[in-house]
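Chain by chain, the residues run as shown.
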Amino acid sequence: MHSSPNNPTSPIFSTHEECVSKLKSSQLVVLPTETVYGLAASALDEFAVSKIFKLKGRPSTNPLIVHVADLEMGSTVACINDNAVKIAKSFWPGPVTVVLPKKDIIPQLVSAGLSTVGIRQPAQKDFLAIIKSANLPIAAPSANKSNQLSPTSPDQVIDGLGKECPSVLDGGLCEHGIESTVIDLSQKNPVILRPGPVSKAEIEKCLNIEVKECAEINSIDSVARRSPGLSRKHYSPNTPLLVKNCFNDLTQIIYNKESDLVICHDEKELEYFKKIDIKALSLSDDGDCSTIARNLYKTFHTADKMKKKRLITHFLENAQGLAKSINDRLNRASIE
Ligand code: TXA
Ligand code: MG
């Protein structure tokens, strides 16, 4: 385990001031957001941004999200339109990224050569305060190696990045636990590229128009081309994960006591597996969606450390809103 976040003798944890100074001098820091931890650099500093790609092992075809202090800072990096103003007024600061035509100030590397840039104002108060103090837009993908799970706590960041891990600002467990909703507003018809904590229904209500979801438009592969980081295999634990349709399906499986680990949704389900002596973890006490989202990646991380051969869970039933976004991540994390 890593030393206590508040332990000043631990070199890995940084203060607000240290983070600001590092960001201003082309260095990387790990910052908490309300969704997942971000690997941060000045979005205006191509050299610093190149370090993000290198550390993550991220293909240069996958663009980064730029975090801004407010819409005004957003307008220095992107061409703001009416829909963007509406989204920002309703959901910022918060977990919605808007993709807009980019301005030249943003290096090509940040936007992976695209003519657009994704921006959002994070709600996490320490991150927001750092953007304001540095007075810089901050590029930050999730603070994990490419194709690994997004981290939702400092421990996961440090485990995942190992020796190369830059200084971390400790913000505890992330509030939402899954990545922001990404919506492309660069064209007339808005498209949700990645479902997230803010639902399609909430976005439609705000924009007062019908909004397409990438899955409705075409296959996931074409979405992957439109938004390079949204490919099928992107959010999976290292241990193969089998996702069944419902809890009842889990009760039909023949388990191997040694090599299987079940990820339950609530205490009742956990109780069932305890009784039949099958190892299980639970995502929540009572099946509450926000709690399940918050604990999802943390639980995958814990499960990976248990070195089993197979993880088994099920989709949320009758999913709407956040539950649909959780199912999206379960689907991407699954082996089939
Ligand atoms: O919640 C979040 O969004 C977190 C925190 C740190 O803010 N960030 C995050 O970043 O999840 P990342 O890089 O792991 O995922 C960003 C996703 C990628 O799939 C990327 O392809 C897509 O957003 N994206 C970024 N800029 C884009 C653009 N200009 N056009 C289309 N997709 C874009
Ligand atoms: Mg990521």
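Residues numbered from 1 in each chain as written. Chains lettered and ligands numbered in written order. Predicted model: local features only at pLDDT ≥ 70, side-chain atom pairs only at ≥ 80, totals over all residues. Heavy atoms only, no water.

## A few points about the sheet that holds strand β7 (residues 181-184)
Read from one edge of the open sheet, nine strands run β1-β2-β6-β3-β5-β4-β7-β8-β9, paired in mixed fashion. Only two strands of the sheet have a single partner each, and these edge strands are β1 (29-31) and β9 (212-213). Sheet topology note: the strand β4 (residues 96-101)/strand β5 (residues 116-120) ladder contains four bridges and is antiparallel. What sits directly across from L100, in β5, is V117. (Pairing = 2+ DSSP bridges. Helix = DSSP H or I, 4+ residues; strand = E, 2+ residues; numbered from the N terminus.)

## Section: the pattern of salt bridges
Across all of its chains, the model carries ten salt bridges by this definition. Its salt-bridge partner being E164, residue K145 comes within 2.7 Å of it at the nearest N-O pair. Of this pair, K145 sits in the loop between β6 (138-139) and α6 (154-161) while E164 is found in the loop between α6 and β7, placing the two residues 19 residues apart along the sequence. Judged by its relative accessible area of 46%, E164 is partly exposed. In this structure, the salt-bridge partner of R310 is D260, at a minimum N-O distance of 2.8 Å. Here R310 is found in strand β13 (residues 310-314), whereas its partner D260 is found in strand β11 (residues 260-264), with 50 residues between them in sequence. You can call R310 partly exposed: its relative accessible area is 25%. On the basis of relative accessible area, D260 is assigned to the buried category, the value being 3%. Linked through salt bridges whose partners overlap, the residues forming this network are E179, D328, R329 and R332. (Salt bridge = Lys/Arg side-chain N within 4 Å of Asp/Glu carboxyl O. Buried < 20%, exposed > 50% of the residue type's maximum accessible area, 1.4 Å probe, protein only.)

## With respect to unusual backbone geometry
The omega angle of the peptide bond from W92 to P93 is -10°, so this bond is cis rather than trans. Secondary-structure assignment places P93 in the loop between α4 (82-91) and β4. Located in the positive-phi region is A112, a residue other than glycine, with phi close to 50°. For A112, the location among the structural elements is in the loop between β4 and β5.

## Some words on the nonpolar core
L31, I87, V98, I119, I183 and I203 are the most contacted members of the largest nonpolar core, which has 62 residues in total. With five residues, helix α2 (residues 46-56) is the largest single contributor of residues to this core. (Core = buried A, V, L, I, M, F, W, Y, C linked by side-chain atoms within 4.5 Å.)

## A word on α4
Taken residue by residue, α4 has N83, A84, I87, A88 and F91 as its buried positions. An end-on view of α4 places all buried positions within 130° of arc, on one side of the element. Those residues of α4 that are exposed and angled more than 90 degrees off the buried face are D82 and K89. Looking at the buried positions of α4, the neighbouring elements they touch are α3 (71-77), β4 and α7 (200-207). (Arc of directions from axis to C-beta. Contact = heavy atoms within 4.5 Å.)

## Things to note about the sheet that holds strand β10 (residues 241-244)
Note: strands within a sheet are paired through backbone hydrogen bonds, in either parallel or antiparallel orientation. On the basis of which strands lie adjacent, the open sheet formed by four strands has the order β10-β13-β11-β12 and parallel pairing. Strand pairing shows two members of the sheet lacking a second neighbour, β10 and β12 (280-282), which therefore form its edges. Taken pair by pair, the neighbouring strands of this sheet meet at an average axis angle of 20°, ignoring direction. Pairing analysis gives four bridges linking β10 to β13, with the strands arranged parallel. (Axes fitted to C-alpha atoms, helices over the stretch in contact; angles between N-to-C directions.)

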